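Structure assessment
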2 protein chains.
Amino acid sequence: MTIAPRKQKILAAVIENYIACGEPIGSKSLMNEDLNVSSATIRNELADLTAKGFLVQPHTSAGRIPTEDGYRYYVDNIMEVKSPDERVKRYIQSRLRSCDDAPERILETAGKILSELLMTVAAATTPPGENARVHKLKFVQTGRYTSMLVLITSSGMVKSRLFRCDYAITPEMLNVFDRSLNEALAGRPLTSVNQPFAQTFAASFGELGLLMPDMLNAVMDACSEASGINIYTSGTTKLLYQNGLDLISARNILEFLGDSSESEKMLSNVPDGTNIYIGRENPSPLLRHSSLISARYNIEKQPAGTLAVIGSTQIDYKKAVSILEYTAETVSELISELVRKG
Amino acid sequence: MTIAPRKQKILAAVIENYIACGEPIGSKSLMNEDLNVSSATIRNELADLTAKGFLVQPHTSAGRIPTEDGYRYYVDNIMEVKSPDERVKRYIQSRLRSCDDAPERILETAGKILSELLMTVAAATTPPGENARVHKLKFVQTGRYTSMLVLITSSGMVKSRLFRCDYAITPEMLNVFDRSLNEALAGRPLTSVNQPFAQTFAASFGELGLLMPDMLNAVMDACSEASGINIYTSGTTKLLYQNGLDLISARNILEFLGDSSESEKMLSNVPDGTNIYIGRENPSPLLRHSSLISARYNIEKQPAGTLAVIGSTQIDYKKAVSILEYTAETVSELISELVRKG
DNA sequence: ATTAGCACTCTAAGTGTTCGAGTGCTAATC
DNA sequence: GATTAGCACTCGAACACTTAGAGTGCTAAT
């Protein structure tokens, strides 16, 4: 459906004003926009937009507020997304560059930035590590009975795990573990480091194998974490500050994020590029009264993970998309650079 | 001020009912308690308790609600704290024992347990590491330009840091760093590992010292984190579910926790044992309409850190104290055990 | 000291009324 | 044919008013 330019302009004005102030918008307040027509004309247009289903009146003597269809039309056909301010860009760059040591940090920081700048809940998924392999393992003794395992994957992720044994650990023992595990695991897919593997591995050492379960648990644990998707959530407390978001929706958003299976599935199945789900368009029933805006980031041109913000349907779509896209772009660059450098 | 037993019983009944249902409590509903007196008698007692300032009426035809003084009297003189249910104890034990690898994990988990069981925000401070010393440092190469530093303190804390250099790292180089840093630092107070030290240290290596700044930054960073107090906060989202807590207080609690200098100062200056701050008794103005309940935990009988929950003044003090004390006790035992084992 | 009884107070909830914001429609105008 | 001024209309917010009921304090009797 295509709509006359002036009508689009009016629709955009209603939506942008409504997003800004949260009150229904009447014909008179729209005369401030540079439309140069009388309020009666505007009313005619508003009536038409209402008939088309883009606006509704809460009651006869109120102004209009956008419907979800209205937001959808706005987002698809009217909204012009601009690149963020130079100042904002610099801020995003500096925040993200200050944690150039690890991809996880970058993603976590990206989530924080988004939630700060957009005053919403934000989420960032790590790239799926299912195809990654073990690159290297290393043990560091941290106490008489405790050690730290450091796992480095082929994709450059670093995971560490502390573990404790029932017996006093000796450097020699750790060396044996280190050598044999690296031999056995280097190049193996993370997903293949599972219970059966651990048993076979321990068994092949006879007596010595009895000393291994704690350590092998740590290894499996680290591999399984590195092979899955992790979600960093930021700004949940922003829900207390949002307007246009009722308590129930706020709780639903929290439950969506708290249920990692649901949010993981949803966020990792989001299409490439930028995507907006408005209210009932959301796959998850928990978000049916909220909006989710997502952007994918890439590593070396390959689709990798998702950044997303969630808020009321009355969220500032233009600003959100602009900042989200720029952040995703920057994240892509920085992580790609890390991977390239190795 | 001492109060007749029956009056105490009535005060307790009002408070406990009010905490449970959030509605003002009238004389009739108190007849269900086993007082065996008429509502008129209860009214006389209520009038007296109101005159003493322990109760107020929101309006003439309403029941009574407790004042902060009322809560204070209840907490000091009436409330009998019992040890938690066996089931709850077992749950706390199992959760805390499942992370027996690191003190930090135990504290983080303790916070989570508290916020889950009490449906409030919880905080846990790490022991101040100001007197701790460097025990050992270890480097693990994670990429061509990146490495991980693992710092182990004399108090058994383990901190890791990733860092990146401009030049390709060689195992030999890491070995040199490792050896010379361990030599220079082992036994040194964490707080003495600062900028001046780093400069002197790097200078003593001449040319080679130019390669060190990134690594030394990581070392200083890790030491300064380990020497300070960290606060683990859990359950901030519970604020959305609490009743008796208005939006402003909820935000204030968040701000209190967000301002680490304030919360750090407050939480680490809390007296030994269990402590309850009700409303205006709170040192921080941000908590003047909330209650904070804290319990200290010990390491090897030495005061170490604080566990705390924060909620509306209408929080279930009895349950909170009971669970908080048991958790603090268990944390003390587990961490002491870790330290003893080394 | 306790209690039954009662007058009293005050809120929550419902009703009626007014005010005004915003509308849709119509007839006049460009 | 599009635009606009004008006007009647609608409906909610705000306020006043009423009523019902919960809870009280007081008094006189036990």
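See above for the structure.
Note that the structure is a prediction, hence the values are computed from the model and not measured.

The rules behind the values
- Residues numbered from 1 in each chain as written.
- Chains lettered and ligands numbered in written order.
- Predicted model: local features only at pLDDT ≥ 70, side-chain atom pairs only at ≥ 80, totals over all residues.
- Heavy atoms only, no water.
- Helix = DSSP H or I, 4+ residues; strand = E, 2+ residues; numbered from the N terminus.
- Rg over C-alpha atoms; globule rule 2.2 N^0.38 Å.
- Buried < 20%, exposed > 50% of the residue type's maximum accessible area, 1.4 Å probe, protein only.
- Contact = heavy atoms within 4.5 Å.
- Areas by Shrake-Rupley, 256 points an atom, 1.4 Å probe, with all protein chains shown as cover.
- Lys, Arg positive; Asp, Glu negative; His and termini not counted.
- Charge placed at Lys NZ, Arg CZ, Asp CG, Glu CD.
- Pairing = 2+ DSSP bridges.
- Axes fitted to C-alpha atoms, helices over the stretch in contact; angles between N-to-C directions.
- Phe/Tyr/Trp six-rings, centres within 6.5 Å; stacked < 30°, edge-to-face > 60°.
- Buried area = accessible area lost by both parts, 1.4 Å probe.
- Polar contact = N/O pair within 3.5 Å; in protein donor to acceptor, adjacent residues only side chain to side chain.
- Nonpolar A, V, L, I, M, F, W, Y, C, P; charged D, E, K, R; others polar.
- Near = heavy atom within 4 Å.
- Expected span 1.5 Å × (residues − 1).
- Salt bridge = Lys/Arg side-chain N within 4 Å of Asp/Glu carboxyl O.

1. Thoughts on the overall build of chain A
A count of helical and extended segments in chain A gives 11 helices and 10 strands. Taken over the C-alpha trace, chain A has a radius of gyration of 26 Å; the compact-globule value for 342 residues is 20 Å, which it surpasses by more than 25%. Its C-alpha atoms give chain A principal-axis dimensions of roughly 90 × 35 × 35 Å. Counting the 342 residues in chain A, one finds 54% classified as buried. Restricting the contact set of chain A to residue pairs at least 6 apart, pairs at least 24 apart contribute 63%. Accessible surface computed for chain A: about 15,400 Å², of which carbon and sulfur atoms make up 48%. A distance of 4 Å separates the average location of the 36 positive side-chain charges in chain A from that of its 39 negative side-chain charges.

2. Side note on the sheet that holds strand β6 (residues 158-164) of chain A
Residue and element names in this part refer to chain A. Read across the open sheet, the three strands follow the order β4-β5-β6; overall the sheet is antiparallel. The sheet is open, and its two edges are formed by β4 (134-141) and β6, each paired on a single side. For this sheet, the mean inter-axis angle between neighbouring strands, taken without regard to orientation, is 20°. Where β4 lies against strand β5 (residues 146-153), seven bridges are found, and the strand directions are antiparallel.

3. Quick look at the packing of aromatic side chains
The relative placement of two aromatic rings is captured by the distance of their centres and the angle of their planes. The tally for this structure, following the rule as stated, stands at 12 aromatic pairs over all chains. With 5.1 Å between their ring centres and 35° between their planes, Phe54(A) and Tyr73(A) make a pair best called tilted. Of the two residues, Phe54(A) sits in the loop between α2 (39-51) and β1 (55-56) while Tyr73(A) sits in helix α3 (residues 68-78), which places them 19 residues apart along the sequence. Residues Phe54(A) and Tyr73(A) agree in their burial class; the two are buried. Ring centres 5.7 Å apart and planes at 25° place the aromatic pair Phe197(B) and Phe201(B) in the stacked group. Remark: Phe201(B) and Phe197(B) occur in helix α7 (residues 195-203); sequence separation between them is four residues, near one turn of the helix. Of the two residues, Phe197(B) and Phe201(B), both sit in the buried class.

4. Considering the interface of chain A and chain B
Across the boundary between the two partners, chain A contributes 34 residues, which contact 33 residues of chain B. Each partner contributes to the roughly 3,100 Å² buried at the junction of chain A and chain B, and carbon and sulfur atoms together form 63% of this total. Put simply, chain A and chain B have four residue pairs in polar contact (both at pLDDT 80 or more) between them. Sorting the residues of the side of chain A that touches chain B by element identifies β4, β5, β6, α9 (247-258) and α11 (317-341) of chain A as the ones contributing at least two each. Tallied by class, the residues present in the side of chain A that touches chain B amount to 16 nonpolar, eight polar and 10 charged.

5. Brief notes about the pairing of β6(A)
Residue and element names in this part refer to chain A. With six of seven residues buried, β6 lies mostly within the body of the structure. Sheet topology places β5 next to β6; seven bridges connect them, and they run antiparallel. By the bridge assignment for β6, isoleucine 152 is matched with valine 158. Here β5 folds back onto β6, and the loop between the two strands holds four residues, one of which, glycine 156, carries a positive phi near 90°.

6. Describing the protein's contact with DNA strand D
Near DNA strand D you find 21 residues, and of these Arg6(A), Thr41(A), Thr60(A), Ser27(B) and Arg64(B) are the closest. Each atom of DNA strand D within 4 Å of the protein was classed as base or backbone; sugar and phosphate made up 75%. Within the backbone of Ser61(B), an N or O atom sits 3.2 Å from a sugar or linking oxygen of DNA strand D. Contact distances for DNA strand D include 2.8 Å between a phosphate oxygen and a side-chain N or O atom of Arg64(B). Elements represented by at least two residues in the surface near DNA strand D include exactly α2 of chain A together with α2 (39-51) of chain B.

7. A short note on the protein's contact with DNA strand C
As a structural note, the neighbourhood of DNA strand C is formed by 21 residues, with Ser27(A), Arg64(A), Thr41(B), Thr60(B) and Ser61(B) the closest of them. Each atom of DNA strand C within 4 Å of the protein was classed as base or backbone; sugar and phosphate made up 75%. Between a phosphate oxygen of DNA strand C and a side-chain N or O atom of Arg6(B), the distance comes to 3.0 Å. One of the side-chain nitrogen or oxygen atoms of Arg43(B) is found 3.2 Å away from a base oxygen of DNA strand C. Examining the composition of the surface near DNA strand C, we find that four residues originate from one element, α2(B), more than from any other. For the surface near DNA strand C, a count of residues per class yields five nonpolar, 12 polar and four charged.

8. Notes on α9(A)
All names here are of chain A. In this model α9 runs 16 Å from its N-terminal to its C-terminal C-alpha over 12 residues, within 8% of the 16 Å that 1.5 Å per residue would give. Looking at α9, one finds that the buried residues are Ser249, Ala250, Asn252, Ile253, Leu254, Phe256 and Leu257. In the core, the buried residues of α9 are packed alongside β3 (121-125), β7 (231-234), α10 (260-268), β9 (290-299) and β10 (302-312).

9. Notes on the environment of Tyr18(A)
All names here are of chain A. Tracing the sequence through the fold places tyrosine 18 in helix α1 (residues 5-21). Judged by relative accessible area, tyrosine 18 falls into the buried class, the value being 12%. With 47 residues separating them along the chain, tyrosine 18 and isoleucine 65 place their C-alpha atoms 6.8 Å apart. Setting aside chain neighbours within four positions, we find tyrosine 18 in contact with Glu23, Pro24, Ile25, Ile65, Pro66, Tyr71 and Gln314.

10. So, the pattern of salt bridges
According to the stated counting rule, one finds 34 salt bridges over all chains in the structure shown. The salt bridge partner of Asp48(A) is Lys52(A), with a shortest N-O separation of 2.9 Å. When its relative accessible area of 26% is taken as the criterion, Asp48(A) is described as partly exposed. Two residues, Lys159(B) and Glu104(B), come together in a salt bridge whose shortest N-O distance is 3.7 Å. Of this pair, Lys159(B) sits in strand β6 (residues 158-164) while Glu104(B) sits in helix α5 (residues 103-118), and the two are 55 residues apart along the sequence. Glu104(B) shares its class with Lys159(B); the two are buried. Among the ionic contacts, a cluster of salt bridges with common partners joins Arg6(A), Lys7(A), Glu45(A), Asp48(A) and Lys52(A).

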